[in-house]
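# Structure at a glance
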Amino acid sequence: NSFVTRTNTCGELRAAHVGQKVTLYGWVQYQRQGLFLVLRDFQGLTQVIIPQDEAHSHVKELLSNAPVESVVRVTGTVSPRPLGQENPKMPTGDIEVKAETAEILNSCKKLPFEIKDFIKKSEALRMQYRYLDLRSFRLQSALRLRSCVVMRMREYLCNLHGFVDVETPTLFKRTPGGAKEFLVPSREAGKFYSLPQSPQQFKQLLMVGGLDRYFQVARCYRDEGSRPDRQPEFTQIDIEMSFVDQAGIQRLIEGLLQHSWPEERGSIMIPFPSMTYEEALAEYGTDKPDTRFGMKIVDISDVLRGSNIHFLQNALSYPSGSIRAICIPQGVRYLTNKDLESLKESAKSQFNQEIMEIICRPDGSLKSLLTKFLGEKEQSELIQTLNMQEGDMVLLAAGEHKQVCSALGALRLLSANLLEAAGLALRDPAAFHFLWVVDFPLFLPKAENPTELESAHHPFTAPHPSDASLLYSDPTKVRSQHYDLVLNGNEVGGGSIRIHSAEQQRFVLEKVLKEDSEVLSHLIEALEFGAPPHGGIALGLDRLISLIVDAPSIRDVIAFPKSFRGRDLMGNAPDYVTPEELEPYHIQVSWPLEEKEAKKN
């Protein structure tokens, strides 16, 4: 209560304050029949008794007629609630304030929605009136927790480990590869700035500059459509260190998260487990596995290698062919025929992958279109390999290794959602399972042209020391020194040891990626002036906080987020500008015909 004229907040009064005269400020949460109201501020609620005597008639009239969500000042005396009227669900439930004077500081007009967490309202309406939505306990709680986590992170990095907080520019130039960047026009004809998708180049240049340890709560930009875990502008905890290896970065981040982890969410154990990219793909079908539950992908190629089933033998005839399966516990009980068909359709439409089901009957025998082609020995081995129990359902896929694993990985998550919707507890919502995923490929074939390569992450990632020679002979086989941090099946961080040799960086850009290295000439030249070995990582702050508070979207932990389509519905941005405003930037807008007509009308 320092610096303000209230004596107490609405959430702090207790029985120990009885008899004290207090002044409270807040919003009218609720008012009942002119007898009492509930006053709310950022910290909680206090019940205020409206006086009924003639001497305070003006106070009664004022408070009885105050619309909900009006801002009021109340001065009165703290009293114990009458016996039997205490409210154990409210921290202030043992007391009430008997109002003596009051003032309406600002009356509230009719609300577009009620300010209550349990009242459902559309996200578009919430974002249009974001300043009202911010009054909800859920958003207040998320933003305050976010602030505490960031403060603790700063404390850990700066005070305990000597990091330097450096602000880097947001007006820069285009970076080759990676996400699409926003362009910002300049007054030089034809020349544009880019908003950086991360401070990647700047933090490497800070290492060349000898700062040794850098961090920043960095605002980043990507010109991509929003998804539940993406925004066109987002925040990273950005970190870079000199003279460090992969293990050093990992230990730093584990310590950082343990230090800043909210106490009310329990404790997290370190070190975090680690898994290679190939292991993650083979067992979970994704590079961001949710390890809170089982249902791992199992290789059953050897079990069925001797079968006479044509499509299985055809799959195994290819060099990277395999037969794999997941076992859904109690799938017969919890999954309907409609669920099964939707799983098959999902695999077909997303991955062009056919799926066969196998059911374990109560007598332990198997039911499937495949079983008549399988001998007793093969069926027994199948049950043993997949650890099938009565009532389990197996989904089997055969084909190219990566396609099969990716399809089964997606079905694993969809099945988990269906099982939980049907009432089977599978994933503990209070559990936090961190995992490091390492040894990613350095390069991947381009989707639009598989004969060309692109960086799996970004072009500044160093090759794995064991694979360095392959960079020049067979770059497709090179593993990288990249590492991702995964939490409950969501990527919450990613980083790498960087290339610190100008010669190697130039080779990667020009010979492997076929990029114009001139765009990065400033960085390559900097590497020639005694650049130290260095590496770093960036944690996605929005995503991390949304997982900590179990929010359905990162929009629920950002004060003023963009909509699903990247629009600000409150301020109606982006918006049109006049030709006169565009003139200094040498830009003319070419309108599609339908938009021309709309603007005329």
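Thresholds applied
- Residues numbered from 1 in each chain as written.
- Predicted model: local features only at pLDDT ≥ 70, side-chain atom pairs only at ≥ 80, totals over all residues.
- Heavy atoms only, no water.
- Phe/Tyr/Trp six-rings, centres within 6.5 Å; stacked < 30°, edge-to-face > 60°.
- Buried < 20%, exposed > 50% of the residue type's maximum accessible area, 1.4 Å probe, protein only.
- Lys NZ or Arg CZ within 6 Å of the ring centre and 35° of its normal.
- Helix = DSSP H or I, 4+ residues; strand = E, 2+ residues; numbered from the N terminus.
- Pairing = 2+ DSSP bridges.
- Salt bridge = Lys/Arg side-chain N within 4 Å of Asp/Glu carboxyl O.
- Axes fitted to C-alpha atoms, helices over the stretch in contact; angles between N-to-C directions.
- Parallel < 35°, antiparallel > 145°, perpendicular 65-115°, else oblique.
- Left-handed = near helix turned anticlockwise from the far one by under 90°.
- Contact = heavy atoms within 4.5 Å.
- Nonpolar A, V, L, I, M, F, W, Y, C, P; charged D, E, K, R; others polar.

## A look at the packing of aromatic side chains
Inspection of the entire model under this criterion finds 10 aromatic pairs. Here tyrosine 30 and phenylalanine 36 contribute two aromatic rings whose centre-to-centre distance is 6.2 Å and whose plane-to-plane angle is 50 degrees, an arrangement assigned as tilted. The class for tyrosine 30 is partly exposed, based on a relative accessible area of 37%. Assessed through its relative accessible area of 17%, phenylalanine 36 is described here as buried. The interplanar angle of 80 degrees and the centroid separation of 6.2 Å between the aromatic rings of tyrosine 129 and tyrosine 131 together place this pair among those described as edge-to-face. These aromatic residues form a ring-pair network of at least three members: Trp261, Phe272, Phe432 and Phe434. Geometry around phenylalanine 293 places arginine 412 over its ring, the cationic atom sitting 3.8 Å from the centre. We note arginine 427 situated over the ring of phenylalanine 293; from NZ or CZ to the ring centre the distance is 5.5 Å.

## Re the pairing of strand 4 (residues 71–80)
Most of strand 4 sits out of view: seven of its 10 residues are buried. Judged from the seven bridges that link them, strand 1 (residues 21–32) and strand 4 form a sheet pairing that is antiparallel. Its bridge partner being in strand 4, glycine 26 is matched across the sheet by valine 72. Alignment of strand 4 against strand 5 (residues 95–106), held across 10 bridges, turns out to be antiparallel. Among the inter-strand pairings, valine 71 is bridged to a residue of strand 5, identified as asparagine 106.

## A word on the sheet that holds strand 9 (residues 213–221)
Spatially, the eight strands line up as an open sheet ordered 6-9-10-22-21-20-17-11, and their pairing is mixed. Each edge of the open sheet is held by one strand with a lone partner, namely strand 6 (164–165) and strand 11 (274–276). Judged from the three bridges that link them, strand 11 and strand 17 (residues 434–438) form a sheet pairing that is parallel. Bridge pairing in strand 17 links threonine 276 to valine 438.

## Here we look at the sheet that holds strand 13 (residues 321–328)
Through backbone hydrogen bonds, the strands of a sheet pair up, either in parallel or in antiparallel fashion. Spatially, 12-13-16-14-15 is the arrangement adopted by the five strands of the open sheet, whose pairing is antiparallel. Each edge of the open sheet carries a strand with a single partner, namely strand 12 (298–299) and strand 15 (366–367). Alignment of strand 12 against strand 13, held across two bridges, turns out to be antiparallel. Paired with valine 298 across the bridge in strand 13 is alanine 325.

## A closer look at the pattern of salt bridges
This structure, assessed with the given rule, holds 37 salt bridges. For glutamate 224, the salt bridge goes to arginine 230, with nearest N and O atoms at 2.8 Å. Residue glutamate 224 is classed as partly exposed on the basis of its relative accessible area, which comes to 30%. The salt bridge involving glutamate 233 is made with lysine 562; its shortest N-O contact spans 2.3 Å. Note that glutamate 233 is positioned in strand 10 (residues 233–242) and lysine 562 in the loop between helix 17 (541–548) and helix 18 (579–582), a separation of 329 residues in sequence. Looking at lysine 562, the relative accessible area reads 16%, which means it is buried. Shared partners join several salt bridges into a network, and the residues in it are Arg126, Arg130, Asp133, Arg138 and Asp556.

## Quick word on the packing of helix 4 (residues 137–161) against helix 6 (residues 246–260)
Relative placement of two packed helices is described by the angle separating their axes and the distance separating the axes. Taken N-terminus to C-terminus, the directions of helix 4 and helix 6 make an angle of 130 degrees; their axes are 8 Å apart at the nearest point. It follows that helix 4 is oblique to helix 6 by the angle criterion. Read as a crossing pair, helix 4 and helix 6 show a hand that is right-handed. Packed against helix 4, whose contacting residues are Val149, Arg152, Met153, Glu155, Tyr156, Leu157 and Leu160, the element helix 6 presents Leu252, Gly255, Leu256, Leu257, His259 and Ser260 at the interface. Residues belonging to the contact of helix 4 with helix 6 are distributed by class as follows: eight nonpolar, three polar and two charged.

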